[in-house]
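Letter by letter, the chains look like this.
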Amino acid sequence: DLVELDVREFVRGTFLEEAPIVRTSARSGEGIDELRLAIAEGAATVASESADGPFRLAIDRSFVKAGLGTVVTGTVSSGSLCAGEEIEWLPKGRKVRVRGIQSHGDSPERVTRGSRAAINLADVHHSEVSRGHELASPDLLRASRLLSVELRLLEDSPLGLRHRSRVRLHLGSGEVIAGVRLLEGTRLEAGQTGLAQLVCAEPVAASFGQALVVRAESPMVTLGGGRVLQPVARPIRRRDSERIQWLSKLAHANARDRVAIAHWFQGEKLIGSADIARNAGVLKLEVRDHLEAMLKDGTLTYVGGRALHTDCLSELEDRVTGAMEELHQASETSFVIKESLLHRLSYLDEPVVQGIITRMASDRKLRDEGDRVALASHAPVLSDEDIRLREAIMGCLDRAAFMPPDPEGIAASAGEKPAKIKRVITECVREGLAVHLGGTVFLHEAHYRAMIHKLRDALGDGGELSVSAFREMMETSRKYAVPILEALDKRAITRRKGDVRIAGPKLENEVVA
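No experiment lies behind these values; they were computed from the predicted model shown.

Undergrad: What exactly am I supposed to notice about the sheet that holds strand β25 (residues 494–497) here?
TA: To summarise the sheet geometry, strands pair through backbone hydrogen bonds and adopt either a parallel or an antiparallel arrangement. Strands sit in the order β24-β26-β25 across an open sheet of three strands; the sheet is antiparallel. Edge positions in the sheet fall to β24 (465–466) and β25, since each has one partner strand and no second. The sheet contact formed by β24 and strand β26 (residues 500–503) spans two bridges and is antiparallel. Paired with L465 across the bridge in β26 is R501.

Undergrad: Sorry, what's going on with the environment of E408 here?
TA: By the element assignment, E408 lies in helix α11 (residues 407–414). Looking at E408, the relative accessible area reads 36%, which means it is partly exposed. Residues E408 and R390, 18 residues apart in the sequence, show an inter-C-alpha distance of 15 Å. Apart from residues lying up to four places away in sequence, E408 is in contact with P418 and K422.

Undergrad: Hey, could you run me through the packing of helix α4 (residues 255–266) against helix α5 (residues 273–280) in this one?
TA: The geometry of a pair of packed helices is captured by two quantities: the angle between their axes and the separation between those axes. Running from amino to carboxyl end, α4 crosses α5 at an angle of 115°, the nearest separation of the two axes being 9 Å. As the angle between them shows, α4 and α5 are arranged roughly perpendicular. Considering how the two elements wind past one another, α4 and α5 form a crossing that is right-handed. Counted together, R258, V259, A262 and H263 of α4 and I276, N279 and A280 of α5 form the full contact between these two elements.

Undergrad: In this structure, what is going on with the environment of A83? I would like to understand it.
TA: Locating A83 in the fold gives a position in the loop between β3 (80–82) and β4 (86–90). Owing to a relative accessible area of 45%, A83 belongs among the partly exposed residues under this scheme. When the C-alpha atoms of A83 and P108 are compared, they prove to be 9.1 Å apart, with 25 residues separating the residues in sequence.

Undergrad: In this structure, what is going on with unusual backbone geometry? I would like to understand it.
TA: Note on backbone geometry: most residues besides glycine have negative phi, and most peptide bonds are trans. Here the bond from L90 into P91 is cis, since omega is 5°, no more than 30 degrees from zero. Looking at the secondary structure, you find P91 in the loop between β4 and β5 (94–102). One non-glycine residue with positive phi stands out, namely A401, at about 55°. Residue position: A401 is located in the loop between α10 (384–400) and α11.

Undergrad: Where do I start with the packing of helix α13 (residues 445–459) against helix α14 (residues 467–474) in this structure?
TA: Where α13 contacts α14, the axes come no closer than 11 Å and their chain directions differ by 130°. When the interaxial angle is binned, α13 and α14 end up oblique. Crossing handedness for the pair α13 and α14: right-handed. Between α13, through M451, K454, L455 and A458, and α14, the contact on the second element is made entirely by F470, M473 and M474. Classifying every residue of the contact of α13 with α14 gives six nonpolar, no polar and one charged.

Undergrad: In this structure, what is going on with the packing of aromatic side chains? I would like to understand it.
TA: Aromatic ring pairs are described here by two measures, namely the spacing of the ring centres and the angle between the planes. Under the counting rule described, the total for this entry stands at two aromatic pairs. Measuring from centroid to centroid gives 4.8 Å for W246 and W264, while their planes differ by 15°, and the two rings are stacked. Of this pair, W246 sits in helix α3 (residues 241–251) while W264 sits in helix α4, and the two are 18 residues apart along the sequence. On the basis of relative accessible area, W246 is assigned to the buried category, the value being 8%. On the accessibility criterion, W264 (7% relative accessible area) is buried. Measuring from centroid to centroid gives 5.1 Å for W264 and F265, while their planes differ by 90°, and the two rings are edge-to-face. Just as W264 is buried, F265 falls in that class too.

Here is what the cut-offs are and how they apply
- Numbering of residues begins from 1 in every chain and follows the order in which that chain's sequence is written.
- Thresholds applied to this predicted model are a pLDDT of at least 70 for local features of residues and 80 or more for the giving and counting of side-chain atom pairs; totals over whole chains, interfaces and linings are not thresholded and use all residues.
- Each side-chain value is worked out from all heavy atoms of the structure, with water and hydrogens disregarded.
- We call two strands paired when DSSP finds no fewer than two bridges between them.
- Put simply, DSSP H or I for four residues or longer makes a helix, DSSP E for two residues or longer makes a strand, and each gets a number counted from the N terminus.
- Three labels apply to residues, based on accessible area from a 1.4 Å probe with only protein chains included: buried if under 20% of the type maximum, exposed if over 50%, partly exposed otherwise in between.
- It only takes one pair of heavy atoms within 4.5 Å for two residues to be counted as in contact.
- Geometry is summarised by axes, namely lines fitted to C-alpha atoms with helices restricted to the contacting stretch, and by angles between N-to-C directions that run from 0 to 180 degrees.
- Should an angle lie under 35 degrees it is considered roughly parallel, over 145 roughly antiparallel, and from 65 to 115 roughly perpendicular; all remaining angles are considered oblique.
- By convention the crossing between two helices is left-handed if the near helix lies anticlockwise of the far one by an angle smaller than a right angle, and right-handed if it lies clockwise.
- Put simply, Ala, Val, Leu, Ile, Met, Phe, Trp, Tyr, Cys and Pro go in the nonpolar bin, Asp, Glu, Lys and Arg in the charged bin, and everything else, Gly too, in the polar bin.
- We call Phe, Tyr and Trp rings a pair once their centres come within 6.5 Å, taking the six-membered ring for Trp, and we label the pair stacked below 30 degrees between planes, edge-to-face above 60, and tilted otherwise.

Here's what the structure looks like:
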């Protein structure tokens, strides 16, 4: 009777609080049948999980068996496995073949979730395998030294948990020392829950929602536990309230919302379905259905060959707008060379920037004219007559290349007044269509870009160019070569050194690519 009271007190407040207690005697056999019946009744109430999912087993032992080689043991936590299959060995990230399987002394064709298994691995030395390593279906897991987690200290935890303290992390069948980076506050007290990142001393393999235990490094007492939120995490700064808020949402989200949040954390980077499944804690087969539903309801948007979270897309549009405003201001032009914008945003994947430009153009936030773009607020409003003149001027400059006529010459060929030509050609310069090199020298911007590229090649690594060499390279005459070079000298793109030109300090920085 006293033992039964002790047991009831010990399990109070747990899932075993109302469980039946069956008095048994191993010596006389009394109560054994009743115990079998109670276990069977309890098992019947447990919801079974399908064994059709991906395979996973945490290794708790490794040894060598004569004639077989390396054998590892563990409990199958999900899926099933047959002899001859190929699985992945974590954290090594190496594919290995299963030679054979044993379970409770038998050699079954397949082991499934809940079974103890001894697995004979081909081409693996037992000394390379450690307790805490995992075997899993290929692409199911990825080893990482950084985990985002939700921690909860025990109500009677003997110690609090400080920011930047070290703990013993128990995950799966392994134990590893980890540094704690609390994301909210500088200390967790007994009974409190908080978000954190664990920096592990060595790579570990985990999955979303996986349970963990933390113990003090010394003395070795249990502090509490928690669950994994991001099995492959990126560092989150403590002052980055936005990312911390999204991590908090992840802790309480359903499967579809977790897929969306995984996309938000991924930003503009391309992400595969295996990564989405891993980060969101869903099956790879379910990812497509979730994506289709969220693309349909607008949570995600397809841009640049990938699905982006709409909040991330808004931020990227702001970056494009900001970069274009800076380029507009720096060049004092109505249009921006698209390649200059791509160069300014080179830290982003080019297909994403191109996709955002197309999207913003369709929303009339900017004008896209092939190799030039302009914010709607900067795009010029020209009359039909001005547009006709602009096309005539640009055609003339394009044909003339490096022997461009002055505005009077263009006016004569176009049959217009020089004053009108000067006004429109000035607008062409503001739009970035033409480059004014001073005086009456105007170049088509495509020819100007080609000239800068040639100068970089010719003057790189201490190269020099005489006027005659420049004239031959640009296929022009001395009449034009001299004023063009003098204009380049003023821009610090070239520098005169005696009778030759060498690279100026701004040659490499001239944005023409």
